[in-house]
Amino acid sequence: MLDKVMDRLHDPAVYALPAMALLIVIELVAMKFSDDEEQTGYDLRDHRTSILTGLGSLISSTLLRTLALALYLLVYEYVAPWHLSSTNWMTLVLVFFAVELLLYVYHRASHAIRLIWAGHQVHHSSQYFNLSTALRRKWAQWFEKAIWFPLPLFGVHPALVFSMHSIHLLYGLFSHTEKIGKLPRFIEYVFVTPSHHRVHHGTEPEYIDKNFGSILIIWDRLFGTFQPEVQRPTYGLTKQIDSYSIWHVQVHEFATMFRDVRQARTVKHKLAYVFGPPGWKPAEERTPEQGHGGPGQADAGTGRTSEALA
């Protein structure tokens, strides 16, 4: 089993790191000499935070991926009723769409459940939008690894699942830039583009909790979460953390969540602070403007706030 784990752990994202570093440098130079006032520019401290966060995420991901791969291999070998060929083109197509759909479901859940959002908010914490932002990923990746369970259970080799996920992550680098405007209509209709993903990182009410797709934007169109870019977004969280500490970026929302749980008066409220939407508060503590604290209310912290209503 160990030999299979080590042999199958090759990650396309790791092999692409030199190319990613080069692209980040090229974009940085382009932004330095740009006179486009409609772009947010860059901050070297923010770049540093994103890159260091990404390196930490790579370590965390490697450890968790090794563990998950070993567990999923057991499921694949001893529980799955059949094994799909990893070289058959139909399997590859099936796995691509399965990974894409599971990523959409997971991404949408990470904006709706505070416990998952506490990790995912790391990616939204930058007030800039450039290629380095794609590297700003959470270290708490257990939910991200857990979502793949259905695939090995139904006969997809875990190594194929993780390799396909890495391809989706690599595509995400392309979508994190302001240097690419809107693309031809067909591409904008089918694929996630920088324009779509700028919306996803925006803090404007009409942009919050929109465009969850990874490579394809079709799921957002099908499930009602699509929003075109109509103005340049303001990036970050609805309550900015204004910190370049990689540790603070990672843990501040977990700390706030635990504080809310500790101060909650009932077990129901404690559970709601963990499993409810970000920004949830008991009815007696809300103002009329804050409403029910559910999806669609930016002031209530619907997947974009760090400590709103806390």
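For clarity, every value in this text was computed on a predicted model and none was experimentally measured. (Residues numbered from 1 in each chain as written. Predicted model: local features only at pLDDT ≥ 70, side-chain atom pairs only at ≥ 80, totals over all residues. Heavy atoms only, no water.)

J.: Just to check I follow, could you spell out the overall build of the protein chain for this structure?
T.: Helix and strand counts for the protein chain stand at 14 helices and zero strands. Listing every helix and strand of the protein chain by position from the N terminus yields α-α-α-α-α-α-α-α-α-α-α-α-α-α. Here the protein chain holds 310 residues, and 52% of them are scored as buried. (Helix = DSSP H or I, 4+ residues; strand = E, 2+ residues; numbered from the N terminus. Buried < 20%, exposed > 50% of the residue type's maximum accessible area, 1.4 Å probe, protein only.)

J.: How should I be thinking about the pattern of salt bridges in this particular structure?
T.: Any two side chains of opposite charge can pair, so long as their charged atoms come close to each other. The full count for this structure, using the stated rule, is nine salt bridges. The shortest N-O distance in the salt bridge between Arg259 and Asp260 comes to 3.6 Å. Several salt bridges share partner residues, and in doing so they unite Arg114, Glu253, Arg259 and Asp260 into one network. (Salt bridge = Lys/Arg side-chain N within 4 Å of Asp/Glu carboxyl O.)

J.: I tried to follow helix 6 (residues 114–124) on my own but got confused; where do I start?
T.: What sets the pattern is the α-helix's 3.6 residues per turn: residues three or four places apart point alike. By the criterion of burial, helix 6 is predominantly enclosed, with eleven of the eleven residues buried. Within the span of helix 6, buried status applies to Arg114, Leu115, Ile116, Trp117, Ala118, Gly119, His120, Gln121, Val122, His123 and His124. Each element contacted by the buried residues of helix 6 is listed here: helix 4 (44–78), helix 5 (89–110), helix 7 (142–146), helix 11 (194–200), helix 13 (246–263) and helix 14 (267–275). (Contact = heavy atoms within 4.5 Å.)

J.: Which parts of the structure should I look at to understand the side chain of Glu188?
T.: Summarising the element assignment, Glu188 is placed in helix 10 (residues 185–190). Of the side chains with opposite charge, Lys182 comes closest to the buried, unpaired Glu188, at an N-O distance of 6.1 Å. Beyond its immediate chain neighbours, meaning those up to four positions away, Glu188 contacts Gly181, Lys182, Leu183, Thr193, Ser195, His196, Ile217 and Arg221. (Lys, Arg positive; Asp, Glu negative; His and termini not counted.)

J.: I keep staring at the environment of Gln227 and nothing clicks. Help me out?
T.: Considering the arrangement of structural elements, one finds Gln227 in the loop between helix 12 (218–223) and helix 13. Since its relative accessible area comes to 16%, Gln227 is described here as buried. In this structure, the C-alpha to C-alpha distance between Gln227 and Val199, residues 28 residues apart in sequence, is 7.1 Å. Non-local contacts of Gln227, meaning those with residues more than four positions away in its chain, are made with Val199, Glu206, Tyr207, Lys210 and Asn211.

J.: What am I meant to see in the packing of aromatic side chains here?
T.: Aromatic ring pairs are defined here through the distance separating the ring centres and the angle between the ring planes. Inspection of the entire model under this criterion finds ten aromatic pairs. On the basis of an interplanar angle of 15° and a centroid distance of 5.1 Å, the ring pair of Phe129 and Tyr235 is categorised as stacked. Placement of Phe129 in the loop between helix 6 and helix 7 and of Tyr235 in the loop between helix 12 and helix 13 is noted, with a sequence separation of 106 residues between them. Phe129 sits in the buried class, given a relative accessible area of 0%. Note on Tyr235: relative accessible area 2%, which makes it buried. (Phe/Tyr/Trp six-rings, centres within 6.5 Å; stacked < 30°, edge-to-face > 60°.)

J.: Looking at this model, I keep getting lost on the nonpolar core. Mind explaining?
T.: Inside soluble globular proteins, nonpolar side chains tend to come together where they are buried. Val95, Val99, Trp148, Leu151, Val156, Phe162 and Leu216 are the most contacted members of the largest nonpolar core, which totals 25 residues. Looking at this core, the elements that each hand over two or more residues are helix 4, helix 5 and helix 9 (158–175). Judged by nonpolar contacts, the second largest core, of eleven residues, contains Leu115, Ala264, Val274 and Trp280. (Core = buried A, V, L, I, M, F, W, Y, C linked by side-chain atoms within 4.5 Å.)

J.: When you look at the confidence of the model for the protein chain in this model, what are you seeing that I'm missing?
T.: One rule of thumb: low pLDDT means the predicted coordinates there are not for detailed reading. The pLDDT averaged across the protein chain works out to 86; a share of 85% of its residues lies at or above 70. Per-residue pLDDT stays below 50 along residues 291–303; that stretch engages in 35 contacts with residues further than four places along the chain or on separate chains. Low pLDDT, under 50, characterises residues 306–310; the predicted model gives this stretch 22 contacts beyond four residues in sequence or across chains. (pLDDT = per-residue confidence, 0-100.)

J.: Can you walk me through a nonpolar patch on the surface in this structure?
T.: Taken together, the side chains of Leu67, Leu71, Leu74, Tyr78 and Val79 make up a nonpolar region of the molecular surface, amounting to roughly 530 Å² of accessible area. Tracing the chain through its elements places Leu74 in helix 4. (Patch = residues over 30% accessible without salt bridge, like charges linked within 9 Å, V, L, I, M, F, W, Y side chains within 5 Å. Areas by Shrake-Rupley, 256 points an atom, 1.4 Å probe, with all protein chains shown as cover.)

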